[in-house]
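# Summary of structural features
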Amino acid sequence: MNSLELIGREQELFVEDMTIFGEDIFDMVRGSSFLVIGGAGSIGQAVVKEIFKRDPRVLHVVDISENNLVELVRDIRSSIWVYRWRFLEPFANLMPGGWLF
């Protein structure tokens, strides 16, 4: 059984919205600055990863748990090539200065 069947849905919640507005969201996030407080918790990590995928200019993450912050950084660093290939490579020629990691 897949997770959508388990919760009684036929499709993911925001598929239609992301299809329609995904490029606009990318443009709004790209080059913007963000501060995520509580960014190493479960919801915070999801938010940080979604922001990070869209190439923010600055992304500050604050959390009380240093261990969770370290794990978040390790996770992002270990998957940066996936993010770069999947989300950012089409825009590489638009980004001066190269990649963060």
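Everything that follows concerns the structure shown earlier in this document.
Everything numeric in this text was worked out from a predicted model, so none of it was measured. (Residues numbered from 1 in each chain as written. Predicted model: local features only at pLDDT ≥ 70, side-chain atom pairs only at ≥ 80, totals over all residues. Heavy atoms only, no water.)

This next bit is on the overall build of the protein. Tallying secondary structure elements over the protein gives four helices and two strands in all. Moving toward the C terminus, one meets the helices and strands of the protein in the order α-α-β-α-β-α. Taking the contacts inside the protein whose residues are at least 6 apart along the sequence as the reference set, 61% of them involve residues at least 24 apart. (Helix = DSSP H or I, 4+ residues; strand = E, 2+ residues; numbered from the N terminus. Contact = heavy atoms within 4.5 Å.)

Time to look at the pattern of salt bridges. Tallying each qualifying case throughout the model produces four salt bridges. Across the pair Lys53 and Glu50 runs a salt bridge, and its minimum N-O distance is 2.7 Å. Taken as a pair, Lys53 and Glu50 lie in helix H3 (residues 42–53) at a separation of three residues, close to a single helical turn. Its relative accessible area of 35% is what places Glu50 among the partly exposed residues. Notably, a salt bridge pairs Arg74 with Glu71, separated by 3.3 Å at the nearest N-O pair. With Arg74 and Glu71 both in helix H4 (residues 66–88), this residue pair falls three residues apart, about one helical turn. A relative accessible area of 43% means that Glu71 is categorised as partly exposed. Ionic contacts of the salt-bridge type, sharing partners, join the residues Glu50, Lys53 and Arg54 into one network. (Salt bridge = Lys/Arg side-chain N within 4 Å of Asp/Glu carboxyl O. Buried < 20%, exposed > 50% of the residue type's maximum accessible area, 1.4 Å probe, protein only.)

With 12 residues, H3 should cover 16 Å at 1.5 Å per step; its first-to-last C-alpha distance of 17 Å lies within 8% of that length. Listed in full, the buried residues belonging to H3 are Gly44, Val48, Lys49, Ile51, Phe52 and Lys53. Once H3 finishes, Asp55 follows within two positions and takes phi at roughly 55°, a positive value. (Expected span 1.5 Å × (residues − 1).)

All right, on to helix H2 (residues 15–29) then. Taking the largest bend as the criterion, H2 deviates by roughly 65°, centred on Phe21. Taken residue by residue, H2 has Gly22, Phe26 and Val29 as its buried positions. Just beyond H2, the residue with positive phi is Gly31, at close to 85°. (Bend = angle between axes of the 7 residues up to and from the residue.)

Considering the arrangement of structural elements, one finds Glu23 in helix H2. As a C-alpha pair, Glu23 and Arg54 span 31 residues in sequence and 9.8 Å in three-dimensional space.

Moving on, we get to a nonpolar patch on the surface. Together, Leu13, Phe14 and Met18 make up an exposed nonpolar region whose accessible area comes to about 310 Å². Residue Leu13 is classed as exposed on the basis of its relative accessible area, which comes to 53%. (Patch = residues over 30% accessible without salt bridge, like charges linked within 9 Å, V, L, I, M, F, W, Y side chains within 5 Å. Areas by Shrake-Rupley, 256 points an atom, 1.4 Å probe, with all protein chains shown as cover.)

Let us now look at the pairing of strand E2 (residues 58–62). Taken residue by residue, a regular strand's side chains alternate between the two faces of the sheet. Pairing analysis gives five bridges linking strand E1 (residues 33–37) to E2, with the strands arranged parallel. Pairing of Ile37 across the sheet is with Val62, part of E2. A crossover connection joins E1 to the parallel E2 through H3; in handedness this β-α-β unit is right-handed. (Pairing = 2+ DSSP bridges. Right-handed = clockwise from strand over helix to strand, strands pointing away.)

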